[in-house]
Amino acid sequence: MLIAQVTDLHLHADPAHPNLARFTRVLAHLAALRPLPDLLVLSGDLADDGAIESYRQLQEALAAWPQPVRFALGNHDDRAHFRSVFGDSHFTEGFVQGVTDLGGLRLVVLDSLEEGRHGGAFCASRAGWLRQALQDGGNKPALVFLHHPPVDVGLPWIDPGPDQAWIARLDAALQGAPIAAICTGHVHLGGVFRWQGRQVATCPSSSSDLSLAFTPMDAAQPDGRPLVEQGEPAFALHRWDGSGLASIFGRVPQRVLAHWDGATAQVVADMLQESGRA
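Just so we're clear, the structure is a prediction, and the values are computed from it rather than from any experiment. (Residues numbered from 1 in each chain as written. Predicted model: local features only at pLDDT ≥ 70, side-chain atom pairs only at ≥ 80, totals over all residues. Heavy atoms only, no water.)

A look at the packing of aromatic side chains
- For the structure shown, the criterion picks out 5 aromatic pairs.
- Centre to centre, the rings of Phe82 and Phe86 are 4.9 Å apart; their planes meet at 25 degrees, and the pair counts as stacked. With Phe82 and Phe86 both in helix α3 (residues 79–86) and 4 residues apart, this pair spans about one turn of that helix.
- Taking relative accessible area as the criterion, Phe82 reaches 0% and is therefore assigned buried. (Phe/Tyr/Trp six-rings, centres within 6.5 Å; stacked < 30°, edge-to-face > 60°. Helix = DSSP H or I, 4+ residues; strand = E, 2+ residues; numbered from the N terminus. Buried < 20%, exposed > 50% of the residue type's maximum accessible area, 1.4 Å probe, protein only.)

Section: the pairing of strand β2 (residues 39–43)
- For β2, a buried count of 5 out of 5 residues is recorded, marking the element as mostly surrounded by other parts of the structure.
- Residues Leu39, Val41 and Ser43 line one face of β2 and the alternating positions Leu40 and Leu42 line the opposite face, and both faces are buried.
- Two elements, strand β1 (residues 2–6) and β2, share 4 bridges in a ladder whose sense is parallel. For Gln5, the partnering residue across the bridge sits in β2 and is Val41.
- Crossover connection from β1 via helix α1 (residues 18–31) to parallel β2: handedness right-handed.
- As defined by bridge partners, β2 adjoins strand β3 (residues 69–72) across 4 bridges and the pair is classed as parallel. (Pairing = 2+ DSSP bridges. Right-handed = clockwise from strand over helix to strand, strands pointing away.)

Describing the packing of α1 against helix α2 (residues 52–62)
- Direction vectors running N to C along α1 and α2 enclose 25 degrees, while the axes themselves pass 10 Å from each other. Compared by their axis directions, α1 and α2 come out roughly parallel. The handedness of the crossing between α1 and α2 is right-handed. Of α2, the residues touching α1 (which contributes Leu20, Phe23, Thr24 and Leu27) are Gln57, Leu58, Ala61 and Leu62. (Axes fitted to C-alpha atoms, helices over the stretch in contact; angles between N-to-C directions. Parallel < 35°, antiparallel > 145°, perpendicular 65-115°, else oblique. Left-handed = near helix turned anticlockwise from the far one by under 90°. Contact = heavy atoms within 4.5 Å.)

Concerning the layout of surface pockets
- Here the largest pocket is characterised by a volume of approximately 410 Å³.
- In terms of lining residues, the largest pocket is bounded by 25 residues, among which Asn75, His76, Trp157, Ile158 and His186 are the most central.
- Class assignment for the residues of the lining of the largest pocket results in 7 nonpolar, 13 polar and 5 charged. (1 Å grid on protein atoms, 1.4 Å probe; cavity = no way out; pocket = protein on both sides within 12 Å on 5 of 7 lines; lining within 4 Å. Points joined across faces, edges and corners; volume = space filled by probe spheres on them. Nonpolar A, V, L, I, M, F, W, Y, C, P; charged D, E, K, R; others polar.)

Written out as C-alpha cells, the structure reads:
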C-alpha cells in the first residue's frame, strides 16, 4: 500500500502564480511512479488566500490525476469556499474529515482548521467523531492525517507549545487505538517525531521550505533570521507493508543522474543479490 502526501500547496487565485506550476510538477512526478500510489492526501493550506478561484485551480490540476484524493484543511483554507468547489462529499458532521479503509489500514483524515487562527484546533465534536471512527475500525491500524502537528518540531514561530487544549483533546481521542502513524503538514519540512508514544511524520511542502532556525525568538526584537526558503517542490510517500509504516520524503528531481542500464547493471545486480531480490 502506497499513499502519496502533498501539503502546503498555497495556491493563489491567479493561475500565473508559481505555486500552481510547482504543484502540477509534483502531480506529474507522482503519476509517473511505478507502482502508482494507491491514494493521494492533500494535507492542508491548499489555498494561500482561501479564495474560490484558488480551489478551482486545484480542481483543474487534479482532473488528470488517476487515483482517489482525500483532503485536510489548514489555517489558510476556507471551508465554505472549499465546499463551493468540491461539494459535500468530503464533509462529515460539518468538517472536512473522513475514513477510508485500504488493505488492512484505516486512513483517517481530520480537520484542524479554526478560521482566524494560525495554529491548530480540535473541538469536542471532532474528538467525538474521531473516537467513534477509531472504535469502528476495531484492531485495524489507523493512519491519521491532519494539517497541524500536535508536537513541537523546534522552530519557535511555528511550534504549538506544550499546553494547547486541542492537543490534549486529540491525545485523549486517540487513547487505546492502534495508531500506525500521524502524518501532518504545516511546517513545510520533512521530519519524524515522537508524541505520546506515537510516530508523527511532517511532510515537506510543494510551495516552500521553512528555514532551520531553532534559537528562541523575542517577538519585540526581530533579529533578521531567514524564515522561509525555496528548494524544489516536495512530497512524502507512506508505504504500509502490513506490519509497519515507512515514510519517505522526496523532491521533484531537476535531472536524473543515473539509469539502470549497461553502465550500472553490475552494481544493481550486486545490490539485488545482497538483498535476496535477485
